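One-letter residues, chain by chain:
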Amino acid sequence: MSRPAIAALRERLQRWMLRNRPPEALPILLRQRRVYVLPTGTGLSYGGMLLAMLIASLNYNLALGFALTFFLAGVGHLALLRAHRNLLGLSLQAGRAEPGFAGAPLQIELVFSEESGRERGPLRVGTPEDPSAGFELAARSPTRVACLLPARPRGRHRLGRLRVETRFPLGLVVAWAYLEPDIEAWVYPAPEPHPPAAPQGGTGERNARRANVAGDSELESLRPYRPGDSLRRIAWRRLSRGGPLITKSFSDPVGSDLSLNWQACSALPDVETRLSRLCAWVLQAESRGLRWSLSLPGFALDSGSGPEHARRALEALAKFGTAP
Amino acid sequence: MIANEDRSATQWITAAVAITLLPLLPALTLPLAAFALVPLIWQAWRLWRRPAAMPPRPVLLLLAVGAAAATGLQYGSMFGRLPGLAVLAVLVGLKLLESRTRRDAHVAVQLCFFLQLGYFLIEQSALTAVLAACSCLLCIAALLRVEQHGLSLRRALSGSGRLLLWAAPLAAALFVLFPRLDRPLWGLPADAFSASSGLSDTMSPGSISELSLSGEIAFRVEFGEHLPPPATRYFRGPVLTFFDGRSWRPGPPSGARIATVRPTTDYVVTLEPNQQRWLLGLEQPVPAPDQILTAEGVLMAREPIRSRVRLHLQSHPGDRLVTEETEAHLRAARALPQGFNPRALALGRQIADQNVSDPARLEAIKDFLRRGDFAYTLSPPLLGRDTADDFLFKTRHGFCEHFASAFVVLARAAGLPARVVAGYQGGELNAVDRTLVVRQSDAHAWAEVWLGDAWQRVDPTAIAAPRRIDGGLLEALPDTDALPYLVRTDSAWMRALRDRAEAVAHAWNTWVLGYDAQRQRSFMQQLGFSVDDWRTVIYLLGGAAILWQGLILAPHFVRLQRRPRAERAWRRVQKRLARHGIEQGSGEGAISFAARAGALDSRLGTGLDSLAAAYSRLCFGPSPDEAALRSFERQISSWLSAPSSTS
């Protein structure tokens with residue numbers, strides 16, 4: 001079977017497993033009907049081993065061989081039950097997605113809990129293809145899990161399908177469930193990496209003077225991430241290498257009003273690159289604490305500043321050209 | 001380089017492999033044991049002493065090729081039981097060395113399980129089972145550890161133990177119910193069963209005295225109430241008629257019709273595998289349908305005994321084998337090789353001349369043995385070409401085969417049809433489980449003489465050294481003869497210890513190892529099921545599996561039903577207050593309920609407020625720890641037992 005055919009088949013299977021449920025409101029409790037179990041590759045080879053051992057025991061009439069085989073068969077079956085139970089009764093209590101940028105992984109945060117008083121072995125959560133964020137759960141204590149989803153195009157997106165899975169306790173069996181929580185994420189246009197300086201005060205004079213600065217102020221220091229920090233300042237490269245969340249802080253040069261508008265980017269060939277540049281300008285202006293305004297075809301934001309101001313601008317950029 | 005986290009998982013797997021491999025090593029030859037050990041030691045050194053890189057691929061390849069070559073050289077083949085095990089053992093070690101991923105860990109553990117199965121082909125003692133259980137425990141703990149980083153050794157071992165414990169009922173049910181085969185699915189490799197020493201169907205000087213050095217058990221007999229006296233315990237093996245001057249072999253089949261007798265003794269023989277067909281029953285056995293009774297009175301199985309069997313036998317023991325006999329066989333039983341033993345032949349002729357009747361000739365020969373100052377010894381002097389002459393007239397020291405052989409030569413020379421019978425004689429009663437243990441050292445040879453209507457047993461050893469028959473080998477031998485320690489048990493406590501160990505082994509053999517197709521059938525019949533109906537078997541297996549699953553899931557459901565601990569404790573307060581007619585409303589919180597109760601009855605209210613506050617804290621605060629719950633329960637108990645609330 002060709003690769004696309006397999007992908008299509010998998011998609012159909014997943015849809016069937018979700019029983020065409022619409023995205024669900026939180027909390028989502030995992031019940032019997034949506035937890036699936038299958039042996040893993042090592043589980044299959046374990047089964048093959050058991051069969052070979054059984055045949056050998058039959059042939060040589062090995063009493064201890066039978067005993068060993070049956071013990072291991074019991075252990076294998078227990079592994080299956082335990083994997084199933086490890087997922088059963090788990091619930092997704094809350095979740096939110098940090099706004100992200102097109103082309104960068106989407107960071108989400110999920111809160112799982114369980115009420116049956118059983119502590120849960122290692123679990124993973126993520127996209128159906130790659131559930132990579134691992135966590136464990138103590139009995140009755142909600143646990144926060146940070147998870148990166150693959151990059152998306154700009155716009156407003158549902159998180160889509162998530163997969164929670166566990167290979168606990170022996171790695172012979174994987175138990176999994178699909179979740180489609182009703183959580184939305186903003187994906188802003190990818191900021192242009194080295195934008196020219198933003199046009200200032202409507203006049204383009206100082207443009208040329210600062211063009212070489214390339215929009216970068218001095219990187220001053222790194223400090224641990226605090227909720228509320230601008231995503232633009234997160235040291236993504238560190239994060240992608242598995243490091244902690246770290247915020248870059250910049251020295252703020254003194255500034256004046258900026259007018260960020262569509263026309264200023266008219267030299268750029270297409271909509272996306274223009275949006276990228278505008279996005280970069282917005283972030284730049286915001287990180288320097290300047291006052292700025294934004295105007296797009298069909299959207300205008302008066303001069304202002306602050307995270308809320310920036311958010312409205314970025315959302316407008318993300319939505320631009322798409323259906324409202 | 002192994003990551004720190006993975007290193008401890010790898011350590012666990014290494015330990016699991018080591019404990020699996022170690023009991024196996026003595027069974028391998030030295031070079032192969034070394035090949036299996038080298039990767040293990042390398043790995044251990046690398047893990048515990050110095051985190052070094054794994055050996056380069058060429059080295060691994062060299063080890064693998066070397067091991068394969070050594071196996072080939074040692075055993076002549078790569079297939080079969082021991083070579084297969086050797087290859088597997090080396091493979092496990094090599095796999096261990098390159099074990100980095102989760103998959104590698106699984107492969108190593110699965111190879112370990114295979115290795116254990118292979119080891120059962122060699123040895124299935126209770127001790128082996130204990131070792132295998134330890135190794136399983138460690139293997140599964142290692143898998144747990146691979147799956148769950150940072151699991152402590154204690155928790156992993158207890159987790160693994162719990163898994164095995166839960167699996168035990170299912171394993172037991174399957175063990176009893178799973179259909180066993182009467183015969184193998186395919187031909188067994190030539191070395192599937194190790195050649196064990198034991199009685200063979202040729203007898204030459206020294207062949208039985210060699211056995212007498214072995215304390216190994218040949219078979220066990222359970223007699224029930226009536227243990228026959230030692231002098232009648234002759235377990236009949238091959239009958240040897242043909243003599244070539246040095247060794248004795250079975251003659252051509254006699255062809256006579258053997259008379260059936262009414263059995264007088266019932267007994268159960270548990271025969272160790274001896275690769276032979278004879279079943280070593282007492283004399284004059286009565287054959288079961290799948291057994292053969294030869295014209296020489298030997299009870300035979302249809303197939304060589306390849307694994308331990310348990311047989312119900314019946315016999316009519318006595319020193320006469322009443323039968324008809326063919327002329328051809330009697331002629332063979334008088335034949336002597338030309339040109340051997342001239343002095344014995346002359347003596348025989350002289351006896352024949354002096355005595356007319358057969359019984360008289362027999363008496364004369366016995367007399368000669370009795371008066372001849374013969375001695376019984378384990379280390380007889382070497383005999384020359386004329387074995388009977390040398391023994392009868394020169395050395396006069398010998399073991400049972402010397403006596404039997406010389407006696408039959410003499411008898412034949414005197415014109416009496418005679419033959420040698422090999423088997424076991426005597427045995428020792430195990431004081432613990434009352435079974436008669438017959439060892440290889442109880443191997444014996446005696447003679448039979450044809451007296452017209454029956455073969456009369458004559459034990460020349462008994463004539464010359466009577467204590468051999470009544471007291472066993474030990475009694476008959478001079479103290480200077482070397483005997484293995486287990487055979488020569490002088491100290492009472494050693495004997496008691498040995499008896500106990502052998503009783504355990506016998507029970508193990510009977511109930512665990514001996515549970516084969518036949519026993520399964522009879523056991524199931526006792527329970528009222530027929531294993532021949534496959535549907536019954538499937539129903540039983542399915543029922544057992546469902547029952548087991550229920551057993552496992554039951555605690556889960558119980559726990560679901562069970563309320564949290566704090567709530568259960570508070571229920572006791574509610575019950576007490578309900579006795580006073582104060583009930584907590586469904587929407588009423590604990591604190592307001594306590595306040596209401598206090599207002600209704602001030603005596604009850606004492607301390608109730610603080611209880612309610614504690615309860616609310618436990619319910620709605622951060623999840624309580626063990627100490628907080630316990631102190632809350634204590635508080636409730638003391639409130640309940642306080643005089644103010646008991647009125």
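Predicted model only: the values in this text are computed from it and were never measured.

**Quick notes on the overall build of chain A**
Secondary structure assignment for chain A yields 7 helices and 17 strands. Taking the contacts inside chain A whose residues are at least 6 apart along the sequence as the reference set, 65% of them involve residues at least 24 apart. When the accessible area of chain A is evaluated, it comes to approximately 15300 Å², of which 54% is carbon and sulfur surface.

**Here's the deal with the overall build of chain B**
A count of helical and extended segments in chain B gives 25 helices and 17 strands. The buried share of chain B, reckoned over its 647 residues, is 49%. Considering only contacts within chain B whose residues lie at least 6 apart along the sequence, 71% involve residues at least 24 apart. Counting every atom, chain B has about 30800 Å² of accessible surface; 60% of that belongs to carbon and sulfur.

**A word on the sheet that holds strand β10 (residues 320-322) of chain B**
Residue and element names in this part refer to chain B. Pairing within the open sheet is antiparallel, and its 5 strands lie in the order β2-β13-β16-β17-β10. Edge positions in the sheet fall to β2 (234-240) and β10, since each has one partner strand and no second. Recorded for the sheet is a direction-independent mean angle of 30° between the axes of neighbouring strands. Both strand β13 (residues 418-425) and strand β16 (residues 443-450) contribute to a ladder of 7 bridges, which runs antiparallel. Its bridge partner being in β16, Val420 is matched across the sheet by Ala447.

**Overview of the nonpolar core**
With 122 residues, the main nonpolar core has Leu72, Leu87, Phe112 and Leu170 of chain A together with Ile13 and Phe113 of chain B as its most contacted residues. Broken down by element, this core gets its largest block of residues, 12 residues, from helix α3 (residues 63-87) of chain A. If you look at the next biggest cluster of nonpolar residues, it comprises 78 residues, including Phe243, Met300, Leu321 and Leu330 of chain B.

**Some details on the interface of chain A and chain B**
Listed as interface residues are 46 residues of chain A and, on the opposing side, 52 residues of chain B. Roughly 4500 Å² of surface becomes buried between chain A and chain B when both sides are summed, with 73% attributable to carbon and sulfur atoms. Among the residues of chain A in contact with chain B, Asn59, Tyr60 and Leu64 of chain A are the three that bury the most area, contributing 16% of the side total. Our count for the chain A to chain B interface comes out at 1 salt bridge. Between Arg155 of chain B and Glu119 of chain A there is a salt bridge; the shortest N-O distance is 3.7 Å. At the boundary of chain A with chain B, the tally comes to 7 residue pairs in polar contact (both at pLDDT 80 or more). Counting residues per element, the side of chain A that touches chain B draws most heavily on α3 of chain A, at 16 residues. Split into classes, the residues belonging to the side of chain A that touches chain B amount to 27 nonpolar, 12 polar and 7 charged.

**A word on unusual backbone geometry**
Residue Pro169 of chain A is bonded to the preceding Phe168 of chain A through a cis peptide linkage, with omega at 0°. Phi is positive for Leu280 of chain B, close to 55°, though the residue is something other than glycine. By the element assignment, Leu280 of chain B lies in the loop between β5 (265-271) and β6 (285-286). Judged by its relative accessible area of 2%, Leu280 of chain B is buried.

**Re the packing of helix α2 (residues 41-60) of chain A against α3 of chain A**
All names here are of chain A. Two elements in contact, α2 and α3, have axes separated by 9 Å at closest approach and are oriented at 160°. The angle between the axes of α2 and α3 places the two elements in the roughly antiparallel class. Both α2 and α3 take part in a crossing whose hand is left-handed. Note on element contacts: α3 touches α2 through Gly65, Phe66, Leu68, Thr69, Phe70, Leu72, Ala73, Val75 and Gly76, opposite Tyr46, Met49, Leu50, Met53, Leu54, Ser57 and Leu58. Classifying every residue of the contact of α2 with α3 by side-chain character gives 12 nonpolar, 4 polar and no charged.

**Some details on the confidence of the model for chain B**
Residues and elements named next belong to chain B. For chain B, the average pLDDT comes to 81, and 88% of its residues sit at 70 or higher. This model gives residues 190-195 a pLDDT under 50, and the stretch forms 11 contacts once residues within four places in sequence are excluded. Quick note on the complex model: pTM equals 0.67, ipTM equals 0.75.

**Considering the side chain of Gln520 of chain B**
As for its position among the elements, Gln520 of chain B is in helix α18 (residues 517-527). Classification of Gln520 of chain B as buried rests on a relative accessible area of 2%.

**As for the state of the cysteines**
Covalent bonding between the sulfur atoms of two cysteines is what defines a disulfide. Scanning all chains against the criterion turns up 0 disulfides over all chains. Lacking any disulfide linkage, Cys112 of chain B is separated from the closest cysteine sulfur, that of Cys139 of chain B, by 4.2 Å.

**What to know about the pattern of salt bridges**
Opposite charge on two side chains allows them to pair when their charged atoms are near. Inspection of the entire model under this criterion finds 32 salt bridges over all chains. We note a salt bridge from Arg154 of chain A to Glu272 of chain A, for which the minimum N-O separation is 2.9 Å. Here Glu272 of chain A lies in helix α6 (residues 271-287) and Arg154 of chain A lies in the loop between β8 (143-149) and β9 (155-158), a separation of 118 residues in the sequence. Judged by its relative accessible area of 15%, Arg154 of chain A falls in the buried class. Glu272 of chain A sits in the partly exposed class, given a relative accessible area of 39%. Between Arg249 of chain B and Asp244 of chain B there is a salt bridge; the shortest N-O distance is 3.5 Å. Given a relative accessible area of 35%, Arg249 of chain B falls into the partly exposed group.

**Some remarks on the sheet that holds strand β15 (residues 436-439) of chain B**
Residues and elements named next belong to chain B. Spatial ordering of the open sheet is given by β6-β9-β5-β1-β15-β14, a layout of 6 strands whose pairing is antiparallel. The open sheet has two edge strands, β6 and β14 (428-429), and neither has a second partner. Bridging between β6 and strand β9 (residues 309-315) involves 2 bridges; their strand directions are antiparallel. Of the residues in β9, the one forming a bridge with Pro285 is Ser315. On top of the sheet, helix α17 (residues 492-513) reaches β1 (217-222), β5, β9, β14 and β15; it is set at about 80° to β1, its chief contact.

**Some details on the packing of aromatic side chains**
Summed over the entire model, instances satisfying the criterion amount to 24 aromatic pairs over all chains. Judged by centre distance (5.8 Å) and plane angle (35°), the ring pair of Tyr36 of chain A and Trp176 of chain A falls under tilted. With Tyr36 of chain A in strand β2 (residues 36-39) and Trp176 of chain A in strand β11 (residues 173-179), the pair connects residues that are 140 residues apart, well separated along the chain. A residue is classified by how much of its surface remains accessible, and Tyr36 of chain A, at 13% relative accessible area, is buried. On the basis of relative accessibility, which here comes to 6%, the residue Trp176 of chain A falls in the buried class. Note that Arg385 of chain B overlies the ring of Phe340 of chain B, its terminal NZ or CZ placed 4.2 Å from the centroid. Of note, Arg419 of chain B hangs over the ring of Trp455 of chain B, and the distance from its end group to the ring centre comes to 3.8 Å.

**Side note on a nonpolar patch on the surface**
Taken together, the side chains of Phe523, Leu527 and Phe529 of chain B define a hydrophobic patch exposed on the protein surface, amounting to about 250 Å² of accessible area. Tracing the backbone through its elements, the reader meets Leu527 of chain B in helix α18.

**Looking at the packing of α2 of chain A against helix α5 (residues 102-122) of chain B**
Axis separation between α2 of chain A and α5 of chain B bottoms out at 11 Å; the angle between their running directions is 5°. Comparing their axes, α5 of chain B and α2 of chain A come out roughly parallel. Two secondary-structure elements touch here, α2 of chain A through Thr42, Ser45, Tyr46, Met49, Ala52, Met53, Ala56, Ser57 and Tyr60 of chain A and α5 of chain B through Arg103, His106, Gln110, Phe113, Phe114, Leu117 and Leu121 of chain B. Classifying every residue of the contact of α2 of chain A with α5 of chain B by side-chain character gives 10 nonpolar, 5 polar and 1 charged.

Rules of the game
Residues numbered from 1 in each chain as written. Chains lettered and ligands numbered in written order. Predicted model: local features only at pLDDT ≥ 70, side-chain atom pairs only at ≥ 80, totals over all residues. Heavy atoms only, no water. Helix = DSSP H or I, 4+ residues; strand = E, 2+ residues; numbered from the N terminus. Contact = heavy atoms within 4.5 Å. Areas by Shrake-Rupley, 256 points an atom, 1.4 Å probe, with all protein chains shown as cover. Buried < 20%, exposed > 50% of the residue type's maximum accessible area, 1.4 Å probe, protein only. Pairing = 2+ DSSP bridges. Axes fitted to C-alpha atoms, helices over the stretch in contact; angles between N-to-C directions. Core = buried A, V, L, I, M, F, W, Y, C linked by side-chain atoms within 4.5 Å. Buried area = accessible area lost by both parts, 1.4 Å probe. Salt bridge = Lys/Arg side-chain N within 4 Å of Asp/Glu carboxyl O. Polar contact = N/O pair within 3.5 Å; in protein donor to acceptor, adjacent residues only side chain to side chain. Nonpolar A, V, L, I, M, F, W, Y, C, P; charged D, E, K, R; others polar. Parallel < 35°, antiparallel > 145°, perpendicular 65-115°, else oblique. Left-handed = near helix turned anticlockwise from the far one by under 90°. pLDDT = per-residue confidence, 0-100. Disulfide = S-S within 2.5 Å. Phe/Tyr/Trp six-rings, centres within 6.5 Å; stacked < 30°, edge-to-face > 60°. Lys NZ or Arg CZ within 6 Å of the ring centre and 35° of its normal. Patch = residues over 30% accessible without salt bridge, like charges linked within 9 Å, V, L, I, M, F, W, Y side chains within 5 Å.

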